[in-house]
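A structural walkthrough
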Amino acid sequence: MLKRAQNMAVGFLVSFIGSIPLGYLNLAGLEIYSKSGLDNLILFLFGVVFVETFVIYFTLLFAKRLVENRKLMKIIDFFAVGFMFVLAYLFYANSKQTSGVNDNLNQYLMYSPFVIGVILNCFNFLQLPFWTSWNLYLVNAKFITTEKKLKYYYIAGTLAGVFLGMLSLILILQTVFQKANPFSKYVMPVFIPLFFIILGGIQVFKVYKKYFKSTALEF
């Protein structure tokens, strides 16, 4: 009983904190909530969690193999760099075309929020190194136990953490944006692109440190 509770608590804590920097998923959820309400936001989050279930399960099973596959991890790391800067540009470019954004958003919201959550999370490649490294660390440090059915308690805790973490952040952001009207016009053209540029810069530093720094020292 203690191991079950520990697995759920650790999974919840890691995923709740980890859901905060999910980036475009939180921003998409914020748009859905502001345009179509809480019910559709919850459906969107269920779509995100649906994909997350498979990601967490398989990275938990194959964490060691994924870490050892350096070529795959390198591709993911480099893709993440480009992805962050592309997102920054897209948000900046869209902020200059208000009517176009509204038209695109209306078309975007025609689909089921659950389907939107599934599709967007399928492109969230950053979660692979995130969950692979965390699962490997938690297992090796014996913070969680994965024998038999115990791993399912850990997965249940992580899914609850992702759902509640994203929901809390989106509701807080919506409240902040509503109260800070003078700053709302700077959200799309300045703050969101800057957020992704910072994430991209951090990723560039990680890639340099991981793949190039050791090579440079050899020379």
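Being a predicted model, the structure only gives us computed values, none of them experimental.

Considering the overall build of the protein chain
If you tally the helices and strands in the protein chain, you get 11 helices and zero strands. Walking the protein chain from its N terminus toward its C terminus, one meets helices and strands in the order α-α-α-α-α-α-α-α-α-α-α. Each of the 219 residues in the protein chain was classed as buried or not, and the buried ones make up 37%. Entry remark: accessible area of the protein chain is about 13,100 Å², with carbon and sulfur atoms responsible for 69%.

A look at the environment of V190
Counting through the fold element by element, V190 comes out in helix α11 (residues 187-218). Put simply, V190 and A88 are 102 residues apart on the chain and 9.3 Å apart in space, counted from C-alpha to C-alpha.

Notes on the nonpolar core
Among the nonpolar cores identified, the biggest contains 28 residues, and F44, L45, W131, Y154 and M166 are the most heavily contacted of them. Counting only elements with at least two residues in this core, the list comes to α1 (2-18), α2 (24-36), α3 (38-61), α7 (113-122), α8 (127-140) and α9 (150-179). Broken down by element, the residue count for this core peaks at nine residues, all from α3. Once residues within four sequence positions are removed from consideration, W131 is found in contact with V14, S15, E52, V55, I56, T59, Y154, T158 and V162.

Considerations on the packing of α3 against α7
Taken N-terminus to C-terminus, the directions of α3 and α7 make an angle of 40°; their axes are 7 Å apart at the nearest point. Between α3 and α7, the crossing angle belongs to the class labelled oblique. At the point where α3 passes α7, the crossing takes the right-handed sense. Contact residues: N40, L43, F44, F46, G47, V48, F50, V51 and E52 in α3; P113, F114, I116, G117, V118, L120, N121 and C122 in α7.

A short note on a nonpolar patch on the surface
On the surface, a cluster of nonpolar side chains totalling about 500 Å² of accessible area is made up of F85, L194, I197, I198, I202 and V204. Turning to its location among the elements, F85 is positioned in helix α5 (residues 70-95). Take F85: its relative accessible area is 35%, and that puts it in the partly exposed class.

Side note on the environment of I56
The residue I56 is located in helix α3 in this model. A sequence separation of 71 residues divides I56 from Q127, and the C-alpha atoms of the two residues are 8.9 Å apart. Setting aside its immediate chain neighbours within four residues, I56 contacts W131, N135, Y154, I155, T158 and L159.

Here we look at α3
Helix length check: α3, at 24 residues, gives a terminal C-alpha distance of 34 Å against a target of 34 Å (1.5 Å per residue), a fit within 8%. Taken residue by residue, α3 has L41, F44, L45, G47, V48, V49, V51, E52, V55, I56, T59 and L60 as its buried positions.

Digging into the side chain of Q174
Tracing the backbone through its elements, the reader meets Q174 in helix α9. Residue Q174 is classed as buried on the basis of its relative accessible area, which comes to 14%. If we ignore the near neighbours within four places in the chain, the residues touching Q174 are L30, Y33 and S34.

Calculation criteria
- Residues numbered from 1 in each chain as written.
- Predicted model: local features only at pLDDT ≥ 70, side-chain atom pairs only at ≥ 80, totals over all residues.
- Heavy atoms only, no water.
- Helix = DSSP H or I, 4+ residues; strand = E, 2+ residues; numbered from the N terminus.
- Buried < 20%, exposed > 50% of the residue type's maximum accessible area, 1.4 Å probe, protein only.
- Areas by Shrake-Rupley, 256 points an atom, 1.4 Å probe, with all protein chains shown as cover.
- Core = buried A, V, L, I, M, F, W, Y, C linked by side-chain atoms within 4.5 Å.
- Contact = heavy atoms within 4.5 Å.
- Axes fitted to C-alpha atoms, helices over the stretch in contact; angles between N-to-C directions.
- Parallel < 35°, antiparallel > 145°, perpendicular 65-115°, else oblique.
- Left-handed = near helix turned anticlockwise from the far one by under 90°.
- Patch = residues over 30% accessible without salt bridge, like charges linked within 9 Å, V, L, I, M, F, W, Y side chains within 5 Å.
- Salt bridge = Lys/Arg side-chain N within 4 Å of Asp/Glu carboxyl O.
- Expected span 1.5 Å × (residues − 1).

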